[in-house]
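As a plain string of letters, each chain reads:
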Amino acid sequence: MRHILAIAKRELRSYFVSPIAYVALTAFALLSGYFFNSMVVYYIRQASLADRQVEQLGRSALQLDVPTVILEQFFRNQGSFVLLLILPLLTMGLITDERRKGTLELLLTSPVRPMELTLGKFVGAVIFFVLMCLPTVPYFYFLAQGGDWEPGVVAAGYAGLLLLAATEIAIGLFVSSLCENMLVSAMCTYGVLVALNFVDTSASLAQSIWVDFIQFLSFFSHYSEFARGVVALRDITYFGGFLVLALFLTQRSIEAIRFKRS
């Protein structure tokens, strides 16, 4: 545990001396603020239109619970778009940069075990992601000023966002352990994450016994339940399984690097 925490602290410090971290922080804040503002404006206009229809016609086809709809759409956009853009920037150098600097050899010859190195890098990146999410918390205080919303929806949304981000960070860490170039690592991570998020899009157009299985693999379909405020054991198990598998593969990859260098 001591080695894991030491590596996590080292990783956090390295983020804050890198321009990439500040680019990621800025991009995450701007995109989150843009999507939240756009959805607030859009759904308030829709609600106003529904009110006018009720006044003029006595009924309306639009039935909106504005705060709940905004929360659901906000978390969906965070998971399906913002994370895909930001997380590969955070993970592309986790192992690859150690190779570039020549410090990976020092870590591999130290008393630190491959699993401790893996978990330390992973924990550092997850903590940095949590720090990125903090500026979004005031959004919900602002939303509460205009209507009531369920705290459980926000809690489920953040839980799903953290679980999705942790899984994607673990996948990015594994890809980083396979690559010797940061750009290649980022592009490969983008490719894997896009495929895992939207694999159900193409499967829904096909007619095959494999359609249900392929749709089950989609990150987006499992994360959408969290965005709706639903916490299901099957979704937690799904992301937990992917996370553990990615961390295990990263450990094996680091052990293979150590074996080659010995």
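Preceding this paragraph is the structure being described.
In short, a report on the structure. Since the structure is predicted, the reported quantities are computational estimates derived from the model, not experimental observations.

### A closer look at the overall build of the chain
- The helix and strand inventory of the chain stands at 12 helices and 0 strands.
- Written out in order from the N terminus, the α and β elements of the chain read α-α-α-α-α-α-α-α-α-α-α-α.
- Split into buried and exposed, the 262 residues of the chain put 44% on the buried side.
- Put simply, the chain shows about 13600 Å² of open surface, and 66% of that area lies on carbon and sulfur atoms.

### Concerning the layout of surface pockets
- Its volume calculated, the largest pocket comes out at about 340 Å³.
- Only helix H1 (2–16), helix H2 (19–57), helix H3 (66–91) and helix H4 (96–101) provide two or more residues apiece to the lining of the largest pocket.
- Of the residues in the lining of the largest pocket, the class split is 9 nonpolar, 4 polar and 7 charged.

### Examining H1
- Between the first and last C-alpha of H1 there are 22 Å, a value that for 15 residues agrees with the 21 Å anticipated at 1.5 Å per step.
- For H1, the set of buried residues is Ile4, Ile7, Ala8, Glu11, Leu12 and Tyr15. One face of H1 carries all of its buried residues, which in axial projection span an arc of 140 degrees. Seen from the buried face of H1, the exposed residues on the opposite side, beyond 90 degrees, are Arg2, Lys9 and Arg13.

### Looking at the state of the cysteines
- Applying the stated criterion across every chain, the model contains 0 disulfides.
- Just so you know, Cys179 is unpaired, no disulfide at all, and the nearest cysteine sulfur is the one on Cys188, 4.6 Å from it.
- What makes Cys179 buried here is its relative accessible area of 9%.

### Let's talk about the nonpolar core
- With 64 residues, the main nonpolar core has Phe28, Leu83, Phe122, Phe129 and Phe239 as its most contacted residues.
- The element best represented in this core is helix H8 (residues 151–178), accounting for 12 residues.
- Apart from residues lying up to four places away in sequence, Phe239 is in contact with Leu163, Leu164, Thr167, Phe219, His222, Tyr223 and Phe226.

### Here we look at a nonpolar patch on the surface
- Taken together, the side chains of Phe16, Tyr22, Ile127, Val130, Leu131, Leu134, Val137 and Leu162 make up a nonpolar region of the molecular surface, amounting to roughly 650 Å² of accessible area.
- Of note, Phe16 is situated in helix H1.

### Quick word on helix H7 (residues 137–144)
- For H7, every residue scored as buried is listed here: Tyr139, Phe140 and Leu143. On an axial view of H7, the arc spanned by its buried residues comes to 95 degrees, and they lie on one face. H7 presents Tyr141 and Phe142 as exposed residues on the side facing more than 90 degrees away from its buried surface.

### Here we look at the packing of H8 against helix H11 (residues 219–227)
- The geometry of H8 relative to H11 is characterised by a closest axis approach of 7 Å and an angle of 155 degrees between their N-to-C directions. Comparing the axis directions of H8 and H11 gives the class roughly antiparallel. For the pair H8 and H11, contact is made by Val153, Ala156, Gly157, Gly160, Leu161, Leu163, Leu164, Thr167, Glu168 and Ile171 and by Phe219, Tyr223, Phe226 and Ala227, respectively.

### Digging into the pattern of salt bridges
- Here the structure, examined in full by the defined rule, presents 6 salt bridges.
- We note a salt bridge from Arg76 to Glu72, for which the minimum N-O separation is 3.2 Å. On the criterion of helical spacing, the pair formed by Arg76 and Glu72 is a turn pair, its members being 4 residues apart in helix H3.
- Here Glu116 ties to Arg113 by a salt bridge, and the two come within 3.4 Å at their closest N and O atoms.

### With respect to the environment of Val130
- Mapped onto the elements, Val130 comes out in helix H6 (residues 114–133).
- As for Val130 and Leu161, which are separated by 31 residues in sequence, their C-alpha atoms are 9.9 Å apart.

### Observations regarding the packing of aromatic side chains
- Throughout the structure, instances matching the rule amount to 20 aromatic pairs.
- Ring geometry for Phe74 against Phe75: centres 5.5 Å apart, planes inclined by 70 degrees, an arrangement best described as edge-to-face.
- Assessed through its relative accessible area of 0%, Phe75 is described here as buried.
- An angle of 85 degrees between the planes, with centres 5.5 Å apart, marks the rings of Phe140 and Tyr158 as edge-to-face. Here the residue Phe140 occupies a position in helix H7, and Tyr158 occupies one in helix H8, the gap between them amounting to 18 residues.

Cut-offs applied
- Residues numbered from 1 in each chain as written.
- Predicted model: local features only at pLDDT ≥ 70, side-chain atom pairs only at ≥ 80, totals over all residues.
- Heavy atoms only, no water.
- Helix = DSSP H or I, 4+ residues; strand = E, 2+ residues; numbered from the N terminus.
- Buried < 20%, exposed > 50% of the residue type's maximum accessible area, 1.4 Å probe, protein only.
- Areas by Shrake-Rupley, 256 points an atom, 1.4 Å probe, with all protein chains shown as cover.
- 1 Å grid on protein atoms, 1.4 Å probe; cavity = no way out; pocket = protein on both sides within 12 Å on 5 of 7 lines; lining within 4 Å.
- Points joined across faces, edges and corners; volume = space filled by probe spheres on them.
- Nonpolar A, V, L, I, M, F, W, Y, C, P; charged D, E, K, R; others polar.
- Expected span 1.5 Å × (residues − 1).
- Arc of directions from axis to C-beta.
- Disulfide = S-S within 2.5 Å.
- Core = buried A, V, L, I, M, F, W, Y, C linked by side-chain atoms within 4.5 Å.
- Contact = heavy atoms within 4.5 Å.
- Patch = residues over 30% accessible without salt bridge, like charges linked within 9 Å, V, L, I, M, F, W, Y side chains within 5 Å.
- Salt bridge = Lys/Arg side-chain N within 4 Å of Asp/Glu carboxyl O.
- Axes fitted to C-alpha atoms, helices over the stretch in contact; angles between N-to-C directions.
- Parallel < 35°, antiparallel > 145°, perpendicular 65-115°, else oblique.
- Phe/Tyr/Trp six-rings, centres within 6.5 Å; stacked < 30°, edge-to-face > 60°.

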